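Coordinate analysis (summary)
For reference, the chains in residue letters:
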Amino acid sequence: MCAKKKTEDAKPAAGKGASGVDYNNPYESMLARFNAAADILKINDRERAILSVPEKVVNVNLPVVMDDGTTQVFEGYRVIHSTAMGPSKGGIRYAMEVHADEVKALAAWMTWKCAVVNIPYGGGKGGIKCNSRALSVDEKERLTRAYAASMSEVFGPDLDIPAPDMGTDGNVMAWIVDEYSKMNNNKYIPAVITGKPLLLGGSKGRTAATGRSVMTTCIQAMEKLKMDPKKSTVAVQGFGNVGSYGALLLEEKGLKVVAISDHKGAYYSPKGFNIKRIFEKYDLRNTIDTWIDKEDKDAKRIDNKAILELDVDVLAPCAIENVITTENAHKIKAKLIVEGANGPTAADADEIIHKQGIMVVPDIVANAGGVTVSYFEWVQNRRGHYYTEEEVNDRADRIIKEAFEAVYQMSKDKKVGMRLAAYLVAVQRVAEAVHLKGKY
Ligand code: GLU
């Protein structure tokens, strides 16, 4: 409690910190952590300069004919942060919040994520500024095909391999692989994109993979903290692909899921939700409230921010960036935070959380299951040989567990928190790859 008081007193105003860094900007948050790791690792100026900026930023404006006959122009991005470790890898996001610095940060996080799990990829990310829920299926298809056509020189199985992210799914991946193949003489090139539907060369286990690594790393962290899953409660923010599978798999491990939320609202039920039932009934076009209001009389609606401050053992933010900031970090009561989302914690909130003795499984470890199984999908596409779900899960669990252990060891060796430890593992590998490739 003593540490908590101290951090409250020392709490800087949210936003620009004393260092002049704008922590509301995800790219600056990413850079602050990269620099902290680079300082400890004594990365030389050349590698530091190369990795501080993206290799390539592509910005397109896409005119799309809407269902009512009008034309709307959409802003699209693809950012390649680094190809030092291999072709760039990372999802495509459809959201109104998409902007250049967000995509740049997300691309860099993919570089660190692929490095921390040691798969042979660099990092990239794409995005289109749009309200994906408001688009009809036809509009979404036209927008996606326009984007894929504009990126035909950027994407490629040995160049840049996209995947789903917020607001996109297997259907969007199917349109992209189809458009890309058409632009390549109709040669079917499934390895250009991952997260495809199974019938088009997708991998078993891919859909659940990100939520699965949230679960596996959460259980590993609980073992370290000597917490019993069967006696622990968890609040899961976000019920998209990551949060829904994360909650389901944590429930299977015996945790009581007492709070869930989506973009419409949050719910709290001290006796715990039946995630399996919600999961079976929940339709991603609806919101959880349509189900809960009807079927769960014990659940009460709470503020979407309050879900982060509940008296729970584990908190799993699985929605968007920057939800844990200097404004609310000192109010978090969970002993363990498992970051299913990319960048849910602003960099200036790290220290506050660390001082409270809360363990964090950082995003680049906790949600790395998705890109790990994407890697298996790419390998399977190239070999033309497909794994069973069990094989995929076993291989992914092994990689994720190893990454967690490496990060945990690093945090013990260097006496730093898990986030900085994850950056130390990742930045060391990528900087070494840049060094090995030499100069020109
Ligand atoms: N969008 C996911 C992520 O942020 C998956 C990326 C991929 O599979 O390439 O990790």
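Treat the numbers as computed from the prediction; the structure is a model and nothing was measured.

Taken together, Y188, L199 and L200 make up a surface patch of nonpolar side chains, about 350 Å² in accessible area. With respect to the helices and strands, the residue L199 is situated in the loop between α6 (170–182) and α7 (206–224).

Moving on: the nonpolar core. Considering soluble globular proteins, one finds that nonpolar side chains tend to be buried as a cluster. W112, I260, I275, V314 and L336 are the most contacted members of the largest nonpolar core, which totals 88 residues. Discounting residues that sit within four places of it in the chain, W112 has contacts with M30, F34, L51, H81, I364, Y423, A426, V427 and V430. In terms of nonpolar packing, the next biggest core, distinct from the first, is built from 27 residues, L135, V154, M173 and V192 among them.

Surveying the vicinity of the ligand reveals 14 residues, the closest of which are K89, K113, P164, D165 and S374. In the model, a nitrogen atom of the ligand is placed 2.8 Å from a nitrogen or oxygen of the D165 side chain. At 2.5 Å, a side-chain N or O of S374 approaches an oxygen atom of the ligand. Contact with the protein chains hides 96% of the accessible area of the ligand, taken as 300 Å² for the molecule alone. The residue makeup of the shell around the ligand, split by class, is four nonpolar, five polar and five charged.

If you walk across this open sheet you meet the seven strands as β9-β8-β7-β6-β10-β11-β12, and the pairing is mixed. Strands with a single pairing partner mark the edges of an open sheet, and in this sheet they are β9 (300–302) and β12 (359–361). On average, each strand axis in the sheet is tilted by 20 degrees relative to the strand beside it, whichever way the strands run. Of the pairings in the sheet, the one linking strand β10 (residues 314–317) to strand β11 (residues 336–338) comprises two bridges and is parallel in character. Residue pairing in the sheet places L315 in a bridge with I337 of β11.

Bringing the packing of aromatic side chains into the picture now. Centre-to-centre distance and the angle between the planes together describe a pair of aromatic rings. Applying the stated rule across the entire model yields nine aromatic pairs. Seen in terms of ring centroids, Y121 and Y375 are 5.7 Å apart; in terms of plane orientation they differ by 90 degrees. Their pairing is edge-to-face. Here Y375 lies in helix α13 (residues 369–383) and Y121 lies in the loop between α4 (100–116) and β4 (122–129), a separation of 254 residues in the sequence. Residue classification places Y121 among the buried positions, given a relative accessible area of 0%. Here the aromatic rings of Y375 and W378 are separated by 6.2 Å at their centres, their planes lie at 35 degrees, and the arrangement is tilted. Linking Y375 with W378, this pair stays in helix α13, spanning three residues, or about one helical turn. Put simply, the rings of Y121, Y375, F376 and W378 pair up and form one aromatic cluster. In this structure, R395 packs its charged tip against the face of Y387, placed 4.4 Å from the ring centre.

This part takes up the pairing of strand β7 (residues 256–262). Across the seven residues of β7, six count as buried, placing the element largely inside the fold. Where β7 lies against strand β8 (residues 265–268), four bridges are found, and the strand directions are antiparallel. Across the sheet, residue S261 finds its bridge partner in β8, namely A266. Here β7 folds back onto β8, and the loop between the two strands holds two residues.

Inspection of the entire model under this criterion finds zero disulfides. There is no disulfide at C218, and the cysteine sulfur nearest it, in C318, is 9.9 Å away. Exposure remark for C218: the relative accessible area of 0% places this residue in the buried category.

This part is about the sheet that holds β4. One open sheet holds the five strands; their spatial order is β1-β2-β4-β3-β5, and the pairing between them is mixed. In this open sheet, the two strands that pair with only one neighbour each are β1 (56–65) and β5 (160–164). For this sheet the average axis-to-axis angle between neighbouring strands, irrespective of direction, equals 20 degrees. Pairing between β1 and strand β2 (residues 71–82): 10 bridges, direction antiparallel. When the sheet's bridge partners are listed, V65 is paired in β2 with T71.

Let's shift gears to the confidence of the model for the chain. Residues at a pLDDT of 70 or more form 94% of the chain, whose mean pLDDT is 93. Contacts of residues 1–14 to residues separated by more than four positions or lying in other chains number 14 contacts, the stretch itself having pLDDT below 50.

With that settled, the discussion passes to the environment of M85. With respect to the element layout, M85 can be found in the loop between β2 and β3 (88–95). A relative accessible area of 22% places M85 in the partly exposed class. If near-sequence neighbours (up to four positions away) are discounted, M85 is found in contact with A115, N118, I119, P120, Y121, G122, R429, V430 and A433.

Between helix α2 (residues 26–41) and helix α15 (residues 418–437), the least distance of the axes is 9 Å, while the angle of their chain directions is 70 degrees. Overall, the two elements α2 and α15 adopt an arrangement that is roughly perpendicular. Residues M30, R33, F34, A36, A37, I40 and L41 of α2 form the contact with α15, whose participating residues are R419, L420, Y423, L424, V427 and Q428. Counted by class, the contact of α2 with α15 contains 10 nonpolar, one polar and two charged residues.

What counts, and where the lines are drawn
- Residues numbered from 1 in each chain as written.
- Predicted model: local features only at pLDDT ≥ 70, side-chain atom pairs only at ≥ 80, totals over all residues.
- Heavy atoms only, no water.
- Patch = residues over 30% accessible without salt bridge, like charges linked within 9 Å, V, L, I, M, F, W, Y side chains within 5 Å.
- Areas by Shrake-Rupley, 256 points an atom, 1.4 Å probe, with all protein chains shown as cover.
- Salt bridge = Lys/Arg side-chain N within 4 Å of Asp/Glu carboxyl O.
- Helix = DSSP H or I, 4+ residues; strand = E, 2+ residues; numbered from the N terminus.
- Core = buried A, V, L, I, M, F, W, Y, C linked by side-chain atoms within 4.5 Å.
- Buried < 20%, exposed > 50% of the residue type's maximum accessible area, 1.4 Å probe, protein only.
- Contact = heavy atoms within 4.5 Å.
- Near = heavy atom within 4 Å.
- Polar contact = N/O pair within 3.5 Å; in protein donor to acceptor, adjacent residues only side chain to side chain.
- Nonpolar A, V, L, I, M, F, W, Y, C, P; charged D, E, K, R; others polar.
- Pairing = 2+ DSSP bridges.
- Axes fitted to C-alpha atoms, helices over the stretch in contact; angles between N-to-C directions.
- Phe/Tyr/Trp six-rings, centres within 6.5 Å; stacked < 30°, edge-to-face > 60°.
- Lys NZ or Arg CZ within 6 Å of the ring centre and 35° of its normal.
- Disulfide = S-S within 2.5 Å.
- pLDDT = per-residue confidence, 0-100.
- Parallel < 35°, antiparallel > 145°, perpendicular 65-115°, else oblique.

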